Amino acid sequence: MLKEPSFHVRDKVSLWWKDLCAVGCADSELSSNRLKASISFKLGKGSFLEFWFDTWFGTTPLETLFLDLVLLTSNPHAKVADMGSWNGETWNWSFDINCDVENGAAATQFFDLVILLAPVQPCQLIEDSFVWWRNTSGLTVSNAYDSILSFDSLTPLLNNSNSLAFSRLWKTKVPSRIHILGWRLIWNRLASKVELAKRGILLDPSLLVCSLCGRAQEDLDHFFLHCDIARDWWNKLFLWLHLDDIIPTGTILERIICMENYCKSYFNLDVGWYFGLIFCWTIWKCRNEVIFNGWFCLSLMG
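Residues numbered from 1 in each chain as written. Predicted model: local features only at pLDDT ≥ 70, side-chain atom pairs only at ≥ 80, totals over all residues. Heavy atoms only, no water.

Engineer: Where do I start with the nonpolar core in this structure?
Structural biologist: Membership of the largest hydrophobic core comes to 40 residues, with the highest contact counts inside it found for Leu212, Phe224 and Cys280. Breaking this core down by element, the ones donating at least two residues are α7 (160-171), α8 (176-186), α10 (220-226), α11 (228-240), α12 (252-267) and α13 (274-293). The greatest single-element share of this core, amounting to nine residues, is contributed by α13. Contacts of Phe224, omitting those with residues within four sequence positions, involve Leu185, Leu190, Ala230, Trp234, Ile252, Arg255, Cys280, Ile283 and Trp284. Listed in part, the 23 residues of the second largest apolar core include Phe66, Leu69, Leu117 and Trp132. (Core = buried A, V, L, I, M, F, W, Y, C linked by side-chain atoms within 4.5 Å. Buried < 20%, exposed > 50% of the residue type's maximum accessible area, 1.4 Å probe, protein only. Helix = DSSP H or I, 4+ residues; strand = E, 2+ residues; numbered from the N terminus. Contact = heavy atoms within 4.5 Å.)

Shown next, in the form of structure tokens:
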């Protein structure tokens with residue numbers, strides 16, 4: 001589905017949609033196909049697998065071996081099941097290729113293809129299936145994550161501090177939507193008004209002011225750290241935790257980590273980033289209520 005033209009990525013769409021489309025996208029300019037490069041397929045009925053572009057026979061797609069034939073076929077995205085028919089229990093290949101026997105390169109590739117697939121046939125009673133070849137234990141979230149991190153293109157992006165931050169984030173017991181908020185905070189990918197302007201969604205500069213204080217443009221640093229109302233909420237949170245002698249300072253992550261450390265030392269609570277993430281989630285929810293439902297926020301604690 002993700003390879004269909006109707007799902008091609010446009011310039012100004014959600015980052016989540018871009019990432020999702022990139023998983024199955026065949027355009028090398030959009031994606032290095034990290035997921036697809038880690039998957040091969042086990043041939044069953046052949047009704048799911050693309051004959052030319054999926055790795056269902058050998059270790060590479062047939063398209064890379066028989067490019068001249070792909071250019072001669074009327075339907076390059078035909079499924080394996082479309083490339084032949086059953087005669088009882090015998091499968092007969094029938095390639096939809098407009099091949100000129102006098103065309104040396106194409107003719108040679110055609111005969112090579114016929115010989116190559118002569119002993120191969122689909123299975124009438126078995127569905128096509130995925131094979132995750134990068135780990136013998138199969139596909140899990142853990143080994144898929146490790147595999148993605150192994151790509152050189154990600155090395156400059158994910159430094160040691162980010163790796164540690166992600167480790168603490170995923171180990172903290174909060175709802176998944178709050179994990180996602182934390183993930184986007186680490187990457188600076190929350191849809192603040194300044195970010196929306198960069199994507200061409202907010203065009204009027206007067207709309208970029210902070211949703212809470214209305215005194216400066218709403219980027220993440222201002223919204224979570226420097227906004228008068230947010231700063232007041234940080235102070236009240238630390239007072240609520242009886243950390244009266246601690247003044248909240250530093251970046252968003254530094255404050256979350258500070259809160260984690262003080263909860264360990266003051267209360268013997270090893271709850272990870274729980275309080276920091278919940279607090280950031282609450283601020284962000286209040287901001288959305290102000291924008292979409294007309295709330296007027298003064299204090300979280302009353």
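Engineer: Please clarify how helix α5 (residues 104-117) should be interpreted in this entry.
Structural biologist: An α-helical segment advances 3.6 residues per turn. Residues three or four places apart therefore align on the same side. Taking 1.5 Å of rise per residue, the 14 residues of α5 would be expected to cover 20 Å, and the 20 Å separating its terminal C-alpha atoms lies within 8% of that figure. Among all positions in α5, only Ala106, Ala107, Gln109, Leu113 and Leu117 are buried. In a view along the axis of α5, the buried residues occupy a sector of 165°, so they form one face of it. Packing partners of the buried residues in α5 comprise α3 (62-65), α4 (67-70) and β3 (90-93). (Expected span 1.5 Å × (residues − 1). Arc of directions from axis to C-beta.)

Engineer: Looking at this structure, I do not really get the packing of aromatic side chains. What am I missing?
Structural biologist: In this description, a pair of aromatic rings is defined by centroid distance and the angle of the planes. This model, assessed by the stated rule, comprises 21 aromatic pairs. Centre to centre, the rings of Trp86 and Trp91 are 5.3 Å apart; their planes meet at 65°, and the pair counts as edge-to-face. Centre to centre, the rings of Trp93 and Phe95 are 5.7 Å apart; their planes meet at 10°, and the pair counts as stacked. Residue classification places Trp93 among the buried residues on the basis of a relative accessible area of 18%. Taken together, the aromatic side chains of Phe51, Trp52, Trp56, Phe57, Trp86, Trp91, Trp93, Phe95, Phe110 and Phe111 make up a single cluster linked through ring pairs. (Phe/Tyr/Trp six-rings, centres within 6.5 Å; stacked < 30°, edge-to-face > 60°.)

Engineer: I tried to follow the environment of Pro122 on my own but got confused; where do I start?
Structural biologist: Turning to its location among the elements, Pro122 is positioned in the loop between α5 and β4 (129-132). Of the residues examined, Pro122 reaches a relative accessible area of 2% and is grouped as buried. Taking C-alpha positions, Pro122 is 9.6 Å from Thr90, a pair spaced 32 residues apart along the chain. Not counting residues up to four positions away in its chain, the partners in contact with Pro122 are Leu43, Gly44, Lys45, Val80, Trp86 and Trp91.

Engineer: Where do I start with α8 in this structure?
Structural biologist: Along α8, the residues classified as buried are Ile178, His179, Leu181, Gly182, Arg184, Leu185 and Ile186. Downstream of α8 by a residue or two, Asn188 has a phi angle that is positive, lying close to 60°.

Just geometry here; none of it tells us what the structure is for.
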